[in-house]
Number of protein chains: 2
Amino acid sequence: MPATIRDIKEQTGLSLATISKYLNGGNVLPENKKKIEASIKDLHYEVNELARGLVTSKTRTIGIMVHNISSPFSGQILHYLTEALREKQYGVLICDSNNDEKLERENVKYLLGKKVDGIIVVPVTADPTFLDATFKKNVPVVLLDRTLSGGRFDCVKIDNRGAVVRAMQVLLNNRHTKIAIIASKREYTGRERYTGFGEAMKRAGLTMHKPYVKLGVHSLAWGYESMKELLAMKDRPTAVFTDNYEITLGAMMAINESGFKCPDDISVLGFDDNVIFHLIDPPVYMVKQPLKEMSNKAVELILGRIETGSLEMPMEISLGTTLVEGESVKKL
Amino acid sequence: MPATIRDIKEQTGLSLATISKYLNGGNVLPENKKKIEASIKDLHYEVNELARGLVTSKTRTIGIMVHNISSPFSGQILHYLTEALREKQYGVLICDSNNDEKLERENVKYLLGKKVDGIIVVPVTADPTFLDATFKKNVPVVLLDRTLSGGRFDCVKIDNRGAVVRAMQVLLNNRHTKIAIIASKREYTGRERYTGFGEAMKRAGLTMHKPYVKLGVHSLAWGYESMKELLAMKDRPTAVFTDNYEITLGAMMAINESGFKCPDDISVLGFDDNVIFHLIDPPVYMVKQPLKEMSNKAVELILGRIETGSLEMPMEISLGTTLVEGESVKKL
DNA sequence: CCGTAAAATCAAAACGTTTCGCTGCACAGC
DNA sequence: GCTGTGCAGCGAAACGTTTTGATTTTACGG
């Protein structure tokens, strides 16, 4: 029912090839150009992307897989990514891996089936094999926020270790020595931040007290439970570093419910800036990631690969972070 | 490079038609079935969805347009929607309207260009004409959370007025009479809730005090500024109804910063449940929407339209809400 | 006015499926 | 032994583009 290039051919008397050329920005005589444009308007013609995709095997669509679509982190990342891609006339096919390795594997298959031109992924799994198929099909991949071993893919992330080492100065400068950490050990970011934490402690000449180290999963519940346990200790830590948004939130909930006061009884230093943390009492001292810059860089990288077909070595880009002051750290 | 149905034809000696029939679940002789399956495995064949889509003009893809992808509401909705659609083997093309009418209009065009089989939309614009094109192209649309005038589209939402009327009982039962409202007037939900608010006041024999009515936009800032103004009044309201997540959050921020205490100095009743509101001090009394049920219903509706091609009258489904108790309302 | 290079146009093939209408076969009922 | 019915299978056409290599038109210097 909708008009095709063939209808335009009938109306203008030109050949398919010429019309196609016009549609793709080629040179046609001004006179013919006029005819074609008039005909397009008259017939309400729009190109059928499916047919075009079939012959070019390009769809101008990027697949995006996020670890968990309902986290605020994903919300912001998706906002920036879709904005940047839209600007370049690319569409996005979004998948939620829901922190599930099996689903993540399926998502890759699904996206390749949809013939996306490239994939941006915030990975759940540490094992990079789930992306093998993209390699075979020559579909470029850019990792976001978390890298994978093997160095086979471009990656945009932040310098997690460095960020934590610097942030820890805040606690150290305020003379904290009994410092705990609540982190996720399942993800790259959590492990990196834990490493940074260890480094900072070591440099300060402090030793890590085993019961103060709470490595678990990326969830509000883990932050909540861990903080409860820390607060219940006879020998309470004076400060806690919390790995991410969900854990920080859970930890603050635990403190608020417990009767203890932050920062009087316990100080908190968090990761992942969010407007929430300016609201709650007290405002939390946080490490803030440059989400917009990360997103833009990821888009730039993947479009570079797609449009130049570049096979250069994958590059890993680490962006810097900033510190957002709060009132959750007490001077001892 | 990837194997096609033609390669299978060569290997099995069968015709294209037979192989296609098999791929689409038709009956073939057990013997041939074996041959085809062996060949598929051998060649790593997978159907080219682009080619299939070209001839069937179905893509098994649903377009989803949300008013603002970085809001927690969208995050949750998207999570449930993608989950339900994935289960039915449908993919999703997600667009962020970013609260921008122009972008919303473009998104419709974009999705239709991508030949989606249907569109689920949380609309920004009140004027339904931006969806006209879907009508012409026979692409079913389901509205989510907000309906549009004209009654031309299926819609899944909650009973906003009723929810507010019932929620207001909490304030009324606690003998509040000086009640303010901070709401967005740009969206359907805000206007409906405002109407419900008015109804509840009227039924209780109370009159709305103009300065207590803050109708503005759906943003943290509006909630924040409005609450500041309310607090600055000589004749302060004793309670405030806040329309949505962002406004409630902003309002709580304003209270916390102002030196006033909730609920001692001012009570708050909010809309949109979120884990945040259990954390902050005090936990907020809230109306909670059944997001999962809403999402599932929307998927059910749109797949029904697509798969049966039904042209029945559009239906509007209103689901009920629940009340989540908090400590933000004071008994007078 | 001719010859030639460059630019514009053309017809036809290709992309990988599904679908249409037809043929051939086996089997049942009379 | 004939007719009728139903099922698998088949070849060919269709879906709406882009691309290729050949051909025509244009422009221009000599």
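Computed from a predicted structure; not experimentally measured.

Calculation criteria
Residues numbered from 1 in each chain as written. Chains lettered and ligands numbered in written order. Predicted model: local features only at pLDDT ≥ 70, side-chain atom pairs only at ≥ 80, totals over all residues. Heavy atoms only, no water. Axes fitted to C-alpha atoms, helices over the stretch in contact; angles between N-to-C directions. Helix = DSSP H or I, 4+ residues; strand = E, 2+ residues; numbered from the N terminus. Parallel < 35°, antiparallel > 145°, perpendicular 65-115°, else oblique. Left-handed = near helix turned anticlockwise from the far one by under 90°. Contact = heavy atoms within 4.5 Å. Nonpolar A, V, L, I, M, F, W, Y, C, P; charged D, E, K, R; others polar. Buried area = accessible area lost by both parts, 1.4 Å probe. Salt bridge = Lys/Arg side-chain N within 4 Å of Asp/Glu carboxyl O. Polar contact = N/O pair within 3.5 Å; in protein donor to acceptor, adjacent residues only side chain to side chain. Domains from an automatic or database assignment. Near = heavy atom within 4 Å. Least-squares fit on C-alpha atoms with pLDDT ≥ 70 in both. Core = buried A, V, L, I, M, F, W, Y, C linked by side-chain atoms within 4.5 Å. Buried < 20%, exposed > 50% of the residue type's maximum accessible area, 1.4 Å probe, protein only. Pairing = 2+ DSSP bridges.

Residues and elements named next belong to chain B. Between helix H8 (residues 160-173) and helix H9 (residues 188-203), the least distance of the axes is 8 Å, while the angle of their chain directions is 45°. Accordingly, the angle class assigned to the pair H8 and H9 is oblique. The handedness of the crossing between H8 and H9 comes out as right-handed. In contact with Asn160, Arg161, Val164, Val165, Met168 and Leu172 of H8, H9 contributes Tyr188, Thr189, Glu192, Arg193, Thr195, Gly196, Phe197, Glu199, Ala200, Met201 and Arg203. Looking at the contact of H8 with H9 residue by residue, the classes come out as eight nonpolar, four polar and five charged.

The next point concerns the interface of chain A and chain B. Listed as interface residues are 45 residues of chain A and, on the opposing side, 45 residues of chain B. Taken over both partners, the interface formed by chain A and chain B buries close to 3800 Å², and the fraction arising from carbon and sulfur atoms is 63%. Area buried by chain A at its contact with chain B is led by Leu50, Arg86 and Leu279 of chain A, which between them contribute 19% of it. Joining chain A to chain B, the criterion identifies two salt bridges. Across the pair Lys137 of chain A and Glu46 of chain B runs a salt bridge, and its minimum N-O distance is 3.0 Å. Our enumeration of links across chain A and chain B arrives at 12 residue pairs in polar contact (both at pLDDT 80 or more). Only helix H4 (49-56), helix H5 (72-87), strand E2 (91-96), helix H6 (101-113), helix H11 (245-258) and helix H12 (276-279) of chain A provide two or more residues apiece to the side of chain A that touches chain B. For the side of chain A that touches chain B, the element with the highest residue contribution is H5 of chain A, accounting for seven residues. Of the residues that constitute the side of chain A that touches chain B, the class distribution is 21 nonpolar, 14 polar and 10 charged.

Residues and elements named next belong to chain A. The domains assigned to chain A are domain 1 (5-47), domain 2 (61-157 + 291-319) and domain 3 (160-289). Relative to domain 3, the C-alpha centre of domain 2 lies at a distance of 29 Å. In this complex, domain 2 contributes 13 residues to the contact, which on the side of domain 3 involves 11 residues. Of the roughly 1000 Å² buried at the junction of domain 2 and domain 3 (both faces included), carbon and sulfur atoms supply 45%. At the boundary of domain 2 and domain 3, one finds zero salt bridges. Taken together, the connections running from domain 2 to domain 3 amount to three residue pairs in polar contact (both at pLDDT 80 or more). Elements with a minimum of two residues in the side of domain 2 that touches domain 3: H5 and helix H13 (291-308). Of the residues in the side of domain 2 that touches domain 3, the class split is six nonpolar, four polar and three charged.

What follows deals with the protein's contact with DNA strand D. Around DNA strand D sit 25 residues, and of these Ile5 and Ser20 of chain A together with Ser15, Thr18 and Asn32 of chain B come closest. By atom count, sugar and phosphate contribute 71% of the portion of DNA strand D lying within 4 Å of the protein. At 2.8 Å, a backbone N or O of Ile5 of chain A approaches a phosphate oxygen of DNA strand D. For DNA strand D, a phosphate oxygen lies 3.0 Å from a polar atom in the side chain of Asn24 of chain A. Ranked by residues supplied to the surface near DNA strand D, first place goes to H4 of chain A with four residues.

If you check the shell around DNA strand C, you find 27 residues, and the closest are Ser15 and Asn32 of chain A together with Ile5, Ser20 and Arg52 of chain B. For DNA strand C, the backbone makes up 71% of the atoms found within 4 Å of the protein, where backbone means sugar plus phosphate. With respect to DNA strand C, the backbone of Ile5 of chain B contributes an N or O atom lying 2.8 Å from a phosphate oxygen. Within the contact set of DNA strand C, a phosphate oxygen lies 2.6 Å away from a side-chain nitrogen or oxygen of Ser20 of chain B. It is helix H4 (residues 49-56) of chain B that contributes the most residues to the surface near DNA strand C, five residues altogether. Across the surface near DNA strand C, the residue classes break down as 13 nonpolar, 10 polar and four charged.

Before going further, it helps to spend a moment on the relation of the copies chain A and chain B. Between the two copies, chain A and chain B, the superposition gives an RMSD of 0.1 Å; the rotation angle is 180° and the shift along the axis is 0.1 Å. Taken together, these values place the two copies in the relation of a two-fold axis. Of every C-alpha in chain A, the one belonging to Leu93 of chain A sits nearest the axis of rotation, 2.5 Å from it. When the interface residues of chain A are mapped onto chain B, 100% of them again lie at the interface, so the same face is used by both copies.

Time to look at the nonpolar core. Judged by nonpolar contacts, the single largest core of 100 residues is most densely connected at Leu144 of chain A together with Leu144 and Met168 of chain B. Here Leu144 of chain A is in contact with Ile77, Leu81, Ile120, Val121, Val122, Pro123, Val156, Met294 and Ala298 of chain A, once residues within four sequence places are set aside. If you look at the next biggest cluster of nonpolar residues, it comprises 50 residues, including Tyr245 and Cys262 of chain A together with Val268 and Leu279 of chain B.

Turning our eyes to something else, we now look at the sheet that holds strand E6 (residues 179-184) of chain B. Residues and elements named next belong to chain B. The six strands lie next to each other as E7-E6-E8-E9-E10-E12, forming an open sheet whose pairing is mixed. Each edge of the open sheet is held by one strand with a lone partner, namely strand E7 (213-216) and strand E12 (322-324). Looking at each pair of strands side by side, their axes are set apart by 15° on average, direction ignored. With four bridges connecting them, E6 and strand E8 (residues 239-242) associate as parallel partners. From the neighbouring strand, Ile179 faces E8, where its bridge partner is Ala239. Across the sheet, helix H10 (residues 220-232) touches E6, E7, E8 and strand E9 (267-271), and the angle it forms with E6 is around 160°. Taken strand by strand, helix H11 (residues 245-258) contacts E6, E8, E9 and strand E10 (285-288), and its axis lies near 160° from that of E9.

So, on to the packing of H5 of chain A against H13 of chain A. Residues and elements named next belong to chain A. Between H5 and H13, the least distance of the axes is 9 Å, while the angle of their chain directions is 45°. Put simply, H5 runs oblique to H13. H13 is crossed by H5, and the crossing has right-handed handedness. On H13, the residues touching Phe73, Gln76, Ile77, Tyr80, Leu81, Ala84 and Leu85 of H5 are Leu291, Lys292, Ser295, Asn296, Ala298, Val299 and Leu303. For the contact of H5 with H13, the per-class residue count stands at 10 nonpolar, three polar and one charged.

In total, this model carries 22 salt bridges over all chains according to the counting rule given. A salt bridge links Asp235 of chain A to Lys178 of chain A, with the nearest nitrogen and oxygen atoms 2.7 Å apart. Taken together, the positions of Asp235 of chain A in the loop between helix H10 (220-232) and strand E8 (239-242) and Lys178 of chain A in the loop between helix H8 (160-173) and strand E6 (179-184) put the pair 57 residues apart, joining distant regions of the chain. On the accessibility criterion, Lys178 of chain A (31% relative accessible area) is partly exposed. Notably, a salt bridge pairs Arg193 of chain B with Asp243 of chain B, separated by 3.4 Å at the nearest N-O pair. Of this pair, Arg193 of chain B sits in helix H9 while Asp243 of chain B sits in the loop between E8 and H11; the two residues are 50 residues apart in sequence, bridging distant segments of the chain. Given the relative accessible area of 0%, Asp243 of chain B is considered buried.

Before going further, it helps to examine the pairing of strand E11 (residues 316-319) of chain B. All names here are of chain B. Only one face of E11 is buried: it carries Ile317 and Leu319, and the other face, with Glu316 and Ser318, is open. As defined by bridge partners, strand E5 (residues 154-158) adjoins E11 across four bridges and the pair is classed as parallel. Bridge assignment links Cys155 to a residue of E11, and that residue is Glu316.

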